[in-house]
Amino acid sequence: MSEREYWLGFSVCPGIGPLRLQKLLKTFGNAKSAWEASVSDLIKTGIGNVLVHKFDRFRNEFSIKLYPSKLKEKRVSFILIKVWGKGETLLPCFGSQEQ
């Protein structure tokens, strides 16, 4: 899986917005490492125990491999945009493909 798919996974996870994702990226270095981090390591980031456990359930139920193909079947594409401000983060932008 590419880093892009892990970003996509975080972008659809309830409770993980740009600020929390930025915190995870600073701690783990990239989205893949953050996605694969242990529960105990995620708790150490300070994003909250409840959210860590919700994220853990989400990533165990969410197919990071299949989701991009499901979007493609529905003719939905996504891009990641780098935004500069109080630190950098990437935001997903979704759009339908025209016929």
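Let us look at the structure shown here. None of these values were measured; they are calculated from a predicted model.

### Some points on the overall build of the protein
Line of reasoning, step 1. Within the protein one finds six helices and two strands.
Line of reasoning, step 2. Along the protein, helices and strands appear, N-terminal first, in the series α-α-α-α-α-α-β-β.
Line of reasoning, step 3. Here the protein holds 99 residues, and 32% of them are scored as buried.
Line of reasoning, step 4. Here the analysis covers contacts within the protein between residues at least 6 apart in sequence; of these, 46% occur between residues at least 24 apart.

### Some thoughts on the environment of Val52
Line of reasoning, step 1. Positionally, Val52 belongs in helix H5 (residues 49-61).
Line of reasoning, step 2. The exposure class assigned to Val52 is buried, which follows from its relative accessible area of 0%.
Line of reasoning, step 3. Once the C-alpha coordinates of Val52 and Ser40 are considered, the two residues, twelve residues apart in sequence, prove to be 8.9 Å apart.
Line of reasoning, step 4. With residues near it in sequence (within four places) discarded, Val52 still touches Val39, Leu42, Ile43 and Ile47.

### A word on the side chain of Arg59
Line of reasoning, step 1. Looking at where Arg59 falls in the secondary structure, it is placed in helix H5.
Line of reasoning, step 2. A polar contact of 2.8 Å, which involves the side chain of Arg59, links it to the backbone oxygen of Ala37.

### Considerations on the nonpolar core
Line of reasoning, step 1. By size, the foremost hydrophobic cluster in this structure holds 21 residues, and its most contacted members are Phe10, Ile16, Leu24, Trp35 and Leu42.
Line of reasoning, step 2. Contributions of two or more residues to this core are made by helix H1 (3-11), helix H2 (18-28), helix H3 (31-36) and H5.
Line of reasoning, step 3. Ignoring anything within four residues of it in the chain, the contact list for Ile16 reads Phe10, Leu21, Leu24, Ile47 and Leu51.

### Some remarks on the packing of aromatic side chains
For any two aromatic rings, the description comes down to two numbers: the centre-to-centre distance and the angle of the planes.
Line of reasoning, step 1. Summed over all chains, the structure comprises eight aromatic pairs.
Line of reasoning, step 2. Seen from their ring centres, Phe62 and Tyr67 are 5.0 Å apart, and the 50 degrees between their planes marks the pair as tilted.
Line of reasoning, step 3. Linked through ring pairs, Tyr6, Phe10, Trp35, Phe55, Phe58, Phe62 and Tyr67 together constitute an aromatic cluster.

Thresholds, definitions, all that
- Residues numbered from 1 in each chain as written.
- Predicted model: local features only at pLDDT ≥ 70, side-chain atom pairs only at ≥ 80, totals over all residues.
- Heavy atoms only, no water.
- Helix = DSSP H or I, 4+ residues; strand = E, 2+ residues; numbered from the N terminus.
- Buried < 20%, exposed > 50% of the residue type's maximum accessible area, 1.4 Å probe, protein only.
- Contact = heavy atoms within 4.5 Å.
- Polar contact = N/O pair within 3.5 Å; in protein donor to acceptor, adjacent residues only side chain to side chain.
- Core = buried A, V, L, I, M, F, W, Y, C linked by side-chain atoms within 4.5 Å.
- Phe/Tyr/Trp six-rings, centres within 6.5 Å; stacked < 30°, edge-to-face > 60°.

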